[in-house]
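# Working through the structure, step by step
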Amino acid sequence: MAGFDDLASERSKAQFDVEEMKVIWAGSRHTLEVSDRISRLVANDPVFRKDTRTMLSRKDLFKNTLRKAAHAWKRIIELRLSEEEAAELRFYVDEPAFMDLHWGMFIPTIKGQGTEEQQQKWLPLAYKMKIIGCYAQTELGHGSNVQGLETTATFDPQTDEFIIHSPTLTSSKWWPGGLGKVSTHAVVYGRLIIDSKDYGVNGFIVQLRSLDDHLPLPGITIGDIGMKFGSGAYNTMDNGVLRFDHVRIPRDQMLMRVSQVTREGKLVQSNVPWQLVYGTMVYVRQKIVSDASCALSRAVCIATRYSAVRRQFGLQSNGIETQVIDYKTQQSRLFPLLASAYAFRFVGEWLKWLYMDVNQRLQASDFSTLPEAHACTAGLKSLTTSATADGIEECRKLCGGHGYLCSSGLPELFAVYIPACTYEGDNIVLLLQVARFLIKTVSQLGSGKEPVGTTVYMGRVEQLMQCHCAVQKGFLELSADLVQAAVAHCQLIVVSKFIEKLQQDIPGKGVKGQLEALCNIYALFILHKHLGDFLSTGCITPKQASLANAQLRSLYSQVRPNAIALVDAFNYTDHYLSSVLGRYDGNVYPKLYEEAWKDPLNDSVVPDGYQEYIQPILKQQLRNARL
Ligand SMILES: CCCCCCCCCCCCCCCCCCCCC/C=C/C(=O)SCCNC(=O)CCNC(=O)[C@H](O)C(C)(C)COP(=O)(O)OP(=O)(O)OC[C@H]1O[C@@H](n2cnc3c(N)ncnc32)[C@H](O)[C@@H]1OP(=O)(O)O
Ligand SMILES: Cc1cc2nc3c(=O)[nH]c(=O)nc-3n(C[C@H](O)[C@H](O)[C@H](O)COP(=O)(O)OP(=O)(O)OC[C@H]3O[C@@H](n4cnc5c(N)ncnc54)[C@H](O)[C@@H]3O)c2cc1C
């Protein structure tokens, strides 16, 4: 039968060791073992089913998410899962929920911005989930402009407290995940006011709900902000709205690693840079880059397997049509995405290392690499999420009409993924940060300060000094071009990190060769996409451009027989993929047919509403016809 045979035959053509590629993708043999074990644990647990998610009402969907989160937590305790295993469990459960913000933002904020005493007080409660926290920064009126936040935290020396207040409608907290219905606590960002003087934005731990009956505490108005894009998708999350009416908290609930307010109401700055107040965002942006390769590889896995099963036109001598994966147009859309998934995987690994390195330096009071870490996390978050969001949509189109069905898994994946282009910093706003960093680096070239890290190449480009003079005249005026420059800088990082990966010892028959082909596809595809820029700046000649395109076509042919094995190396279970088109066994058509009958509309042969709305029309037509 088509599908079974097609994918089996594709797998037999692979020219490399798939099991070794799985290790490369996972990062290590140990990580592969953990990820494989936990993915099966989730797939075999009926509580974690997700096949009806897109058909549930918001209330049922949300309650089901609470059920899954409670079950996940129970399993984590029962099985004594390590932090790594718990994170894998969350990944394979594949459902955004309040837990993400509790573990992914609330706890890291206390760790990064709290003093030793504050950590000792709050972290044990948070780790045991005796309190559940979220990250309440964004307001109705301001998200990107953090310094524009309006919530106030006014010190009251009489009582040794801060008074948290929302002075305007636009100061209402708006968007924080987990806030709407679940969190008992939040890190709230607000303006520190002492003696009528504004000292800018700081973080404060605020209890929102009673730990007895979950009701909001006095002075607090709280709720969910409403349905979001798509069915299922991010609607499992209770993004919330929050207003404060002069809510009092003890002074020691201001996060005081960066600056402290004394009992007398004096502000004391510590030796750490004030930008550490933005530290949680650096951590999460780094995580988002790692996750981009997961979302993109998932879409690519579905589109690649289906492209090998789907046949259209080109009847061959044996009487069967051509697999759509054999069309060069399909390859030229699909294989750059396959290469991007691998490229993002490796740059994500590197960024994780960079983040760990900067953290270690921070502990030792070395703040020198913080600006680069900020620029790299901001820029790569922007590049990888934009490319992944576009890539998922391209995969939907690569699957033709069936890609539009929820059972393909692609609509929900797209809907759940696209806010990544906005949250943790709008992608354009983040690229402007990178542009500023680049301009600053260029401006220091003449002063003898050698560029380091990802900007080391700047020391070799003489024309950059002239660029700097031009940009000095108008950053805002040139910002659209500067954003392009920031993207180019980030692309250079992605390609360099892929090349560095290839320089490592890579065991396994044919594995390195496949990775080299993918690396070249990624680099040449970027060149192809921006050919105009490369030609107009004289970086390459028209002859080189045409050679590069010829090389790209030849690389597609090289990857073609290995395409299915390259997506098998992601080691995704059918449960995780949640796609009829991307099934491991390729049994697409019978399962698509079967899936259709599960839709609630097919519960009855004659639909609800027939007698009210259809029958009268039909009868009317009958009368008109008689007339
Ligand atoms: C159901 C299953 C349950 C299973 C249970 C098991 C559980 C197990 C474990 C689970 C683990 C889950 C993990 C998941 C993790 C992730 C979840 C992610 C969810 C995401 C949700 C979204 C959250 C949010 O969106 S939070 C809000 C984010 N907001 C933003 O990003 C705002 C963007 N704006 C800004 O960052 C700033 O305003 C900015 C930078 C644009 C401007 O800043 P400015 O101060 O106004 O001005 P500027 O002059 O530009 O900067 C000054 C100065 O500071 C430097 N700078 C800026 N930012 C930083 C920074 N972040 N770090 C360091 N330095 C920074 C800047 O460069 C300037 O420097 P100088 O030039 O030297 O002056
Ligand atoms: C699903 C989701 C979950 C979220 N979770 C949380 C959370 O848990 N906690 C939290 O605090 N927040 C959260 N947020 C909020 C999120 O961080 C903000 O929405 C994000 O930072 C963007 O800010 P904004 O909405 O103010 O966009 P805006 O800044 O209003 O952006 C609107 C447009 O203006 C452009 N723009 C803005 N400034 C500039 C500029 N200087 N130059 C050029 N163009 C500009 C942008 O590019 C964009 O096109 C979440 C958001 C979403 C969508």
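Residues numbered from 1 in each chain as written. Chains lettered and ligands numbered in written order. Predicted model: local features only at pLDDT ≥ 70, side-chain atom pairs only at ≥ 80, totals over all residues.

## As for the site of ligand 2
- Within the structure, ligand 2 sits among 21 residues, and Gln137, Thr138, Gly143, Ser144 and Trp175 are positioned closest to it.
- Broken down by secondary-structure element, the contributors of at least two residues to the shell around ligand 2 are strand 1 (133-136) and helix 12 (427-443).
- A total of three residues in the shell around ligand 2 trace back to one element, the largest contributor, which is helix 12.
- Per-class residue counts for the shell around ligand 2 are eleven nonpolar, nine polar and one charged.
- Residue-level mapping places the shell around ligand 2 at the junction of two domains, with at least three residues from each of domain 1 (125-270) and domain 2 (276-604). (Near = placed C-beta within 6 Å. Helix = DSSP H or I, 4+ residues; strand = E, 2+ residues; numbered from the N terminus. Nonpolar A, V, L, I, M, F, W, Y, C, P; charged D, E, K, R; others polar. Domains from an automatic or database assignment.)

## A closer look at helix 15 (residues 511-529)
- The terminal C-alpha atoms of helix 15 lie 27 Å apart, and with 19 residues this matches the ideal 27 Å at 1.5 Å per residue to within 8%.
- Among the 19 residues in helix 15, 14 count as buried, and that is most of the element. (Expected span 1.5 Å × (residues − 1). Buried ≥ 20, exposed ≤ 12 C-beta atoms within 10 Å, placed from the backbone.)

## Some thoughts on the site of ligand 1
- The immediate surroundings of ligand 1 are formed by 38 residues, with Gly104, Val146, Gln275, Tyr278 and Gly425 found nearest.
- Contributions of two or more residues to the shell around ligand 1 are made by helix 4 (58-78), helix 5 (83-93), helix 6 (98-113), helix 8 (279-309), helix 10 (370-398) and helix 12.
- No other element matches helix 5, which puts five residues into the shell around ligand 1.
- For the shell around ligand 1, the per-class residue count stands at 20 nonpolar, eleven polar and seven charged.

## Observations concerning unusual backbone geometry
- Positioned with a positive phi, His246 is a non-glycine residue whose angle comes to about 50°.
- One non-glycine residue with positive phi stands out, namely Ser578, at about 55°.
- By the element assignment, Ser578 lies in the loop between helix 19 (574-577) and helix 20 (588-596).

## Let's talk about the domain arrangement of the protein
- One can read the domain layout of the protein as domain 1 (125-270) and domain 2 (276-604).
- Each of domain 1 and domain 2 has a C-alpha centre, and the two are 35 Å apart.
- Across the boundary between the two partners, domain 1 contributes twelve residues, which contact ten residues of domain 2.
- Residue composition of the side of domain 1 that touches domain 2, by class: six nonpolar, five polar and one charged. (Contact = placed C-beta atoms within 7 Å.)

## Description of the UniProt feature "domain: Acyl-CoA oxidase C-alpha1" (unreviewed entry) in the protein
- If you check UniProt for "domain: Acyl-CoA oxidase C-alpha1" (unreviewed entry), the listed places come out as residues 278-439 in our numbering.
- Annotated as 72% helix and 0% strand, the span residues 278-439 places its first and last C-alpha atoms 21 Å apart. (UniProt positions renumbered as here; feature names shortened; annotations may be inferred.)

## Some remarks on the packing of helix 3 (residues 29-43) against helix 5
- The N-to-C vectors of helix 3 and helix 5 enclose an angle of 50°; their axes lie 9 Å apart at closest approach. Comparing the axis directions of helix 3 and helix 5 gives the class oblique. Seen along the crossing, helix 3 lies across helix 5 with a hand that is right-handed. Facing Val34, Ser35, Ile38, Ser39 and Val42 of helix 3, the residues of helix 5 in contact are Glu84, Glu85, Glu88, Leu89, Tyr92 and Val93.
- In terms of residue class, the contact of helix 3 with helix 5 is made up of six nonpolar, two polar and three charged. (Axes fitted to C-alpha atoms, helices over the stretch in contact; angles between N-to-C directions. Parallel < 35°, antiparallel > 145°, perpendicular 65-115°, else oblique. Left-handed = near helix turned anticlockwise from the far one by under 90°.)

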